[in-house]
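Observations on the three-dimensional arrangement
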Amino acid sequence: MLMGVSLGPGDAELLTVKGKRVIEESDQVIVPGRLAERIVRRFRDDVRVVEVPMGRADEVIENLSGELAERCVNEDIAFCVLGDVAFFSTFQDLVKAVKRKNPDVVVEMIPGVPSFTAVFSRLGMFVDGSMRVRSALGEEEKFEVILKATEPLEMADDLKNRGFSVVQVERMYMEGEFVGEPEEKASYFTMVVGWR
Ligand SMILES: C[S@@+](CC[C@H](N)C(=O)[O-])C[C@H]1O[C@@H](n2cnc3c(N)ncnc32)[C@H](O)[C@@H]1O
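Let me sum up the structure you'll find in this document. (Residues numbered from 1 in each chain as written. Predicted model: local features only at pLDDT ≥ 70, side-chain atom pairs only at ≥ 80, totals over all residues. Heavy atoms only, no water.)

**Description of the sheet that holds strand S3 (residues 48-49)**
- An order of S3-S2-S4-S1-S5 is seen for the five strands of this open sheet, with the pairing classed as parallel. The open sheet has two edge strands, S3 and strand S5 (107-110), and neither has a second partner. (Pairing = 2+ DSSP bridges. Helix = DSSP H or I, 4+ residues; strand = E, 2+ residues; numbered from the N terminus.)

Laid out in structure tokens, this is it:
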């Protein structure tokens, strides 16, 4: 299995319990840089650093994915990144390349604390309104997440009219988790997620 582990924004104590366990139990842990290495070394000594420098990223990912496409069939390898693994992370490129070479490799993503939520705790601020997260590199806006989506179908229709694909996610990581087609009514612990 290939696991993408979120390390959080920089303080090793902001790693999740699950992330720590995966780091401790994996056959090998790989990090893409020294900042990530410093965090992982709090939990195990043998950390492999594979730098992914701009300009040479394609070549590094190509080589590493070839190796992992074979090894992750029988071994559990953890690739650890700063922040949350789902957001603008090197792991995305790695997974795409590994899957191209071996679609049978099982991939799991361990969520963590992303920089753009942690920053509000650092500033002592509360987010009590809608919020936009964007990249300075000007990538197009491709995702929208609606919280408190107790009427998912109505929210979904609005998103669909704006060209999004949509899913309802209810009680995520909890008992009774539901991920599927938006329904008319849902509990308070529901999000509608759109992407295009
Ligand atoms: C390629 S993105 C990766 C985001 C990361 N996966 C996350 O969930 O936070 C890198 C950007 O995240 C922001 N970032 C990440 N960690 C940060 C930190 N500890 N302090 C300030 N900004 C941070 C910076 O804007 C940086 O350019």
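**Describing helix H4 (residues 90-101)**
- Helix length check: H4, at twelve residues, gives a terminal C-alpha distance of 17 Å against a target of 16 Å (1.5 Å per residue), a fit within 8%.
- Every buried residue of H4 is accounted for by Phe91, Leu94, Val95, Ala97 and Val98.
- Where H4 is buried, its residues contact strand S1 (2-6), helix H3 (57-71), strand S4 (77-81) and S5. (Expected span 1.5 Å × (residues − 1). Buried < 20%, exposed > 50% of the residue type's maximum accessible area, 1.4 Å probe, protein only. Contact = heavy atoms within 4.5 Å.)

**With respect to the sheet that holds strand S9 (residues 190-195)**
- Pairing is antiparallel across the open sheet formed by four strands, whose spatial order is S6-S9-S7-S8. Whereas interior strands pair on both sides, the edge strands pair on one side only; in this sheet they are strand S6 (143-146) and strand S8 (178-180). Along the sheet, successive strands turn relative to each other by an average axial angle of 15°, direction set aside.
- Taken together, the three bridges between strand S7 (residues 165-170) and S8 define a ladder with antiparallel strand orientation. When the bridges of S8 are listed, Gln168 appears paired with Gly180.
- Lying over the sheet, helix H6 (residues 152-161) contacts S6, S7 and S9, oriented at roughly 15° with respect to S9. (Axes fitted to C-alpha atoms, helices over the stretch in contact; angles between N-to-C directions.)

**Things to note about the side chain of Ser6**
- Within the element layout of this structure, Ser6 appears in strand S1.
- Of the residues examined, Ser6 reaches a relative accessible area of 1% and is grouped as buried.
- There is a polar contact of 2.9 Å between the side chain of Ser6 and the backbone nitrogen of Val85.
- Other than its neighbours up to four places away in sequence, Ser6 contacts Leu15, Val81, Gly83, Asp84, Val85, Ile110, Pro111 and Gly112. (Polar contact = N/O pair within 3.5 Å; in protein donor to acceptor, adjacent residues only side chain to side chain.)

**Considerations on the packing of aromatic side chains**
- This model, assessed by the stated rule, comprises three aromatic pairs.
- Between the aromatic rings of Tyr188 and Phe189, the centroid separation amounts to 5.7 Å while the plane-to-plane angle is 85°, which identifies the pairing as edge-to-face. (Phe/Tyr/Trp six-rings, centres within 6.5 Å; stacked < 30°, edge-to-face > 60°.)

**Considerations on the pattern of salt bridges**
- A complete count under the given rule lists 17 salt bridges for this structure.
- When the shortest N-O distance is used, the salt bridge between Glu108 and Lys18 registers 3.8 Å. Of this pair, Glu108 sits in strand S5 while Lys18 sits in helix H1 (residues 17-25), and the two are 90 residues apart along the sequence.
- Judged by its relative accessible area of 28%, Glu108 is partly exposed.
- For Glu37, the salt bridge goes to Arg41, with nearest N and O atoms at 2.9 Å.
- Given a relative accessible area of 9%, Glu37 falls into the buried group.
- According to the relative accessible area criterion, Arg41 is partly exposed, its value standing at 38%.
- Ionic contacts of the salt-bridge type, sharing partners, join the residues Arg34, Glu37, Arg41 and Glu51 into one network. (Salt bridge = Lys/Arg side-chain N within 4 Å of Asp/Glu carboxyl O.)

By themselves, these figures tell us nothing about what the structure is for.
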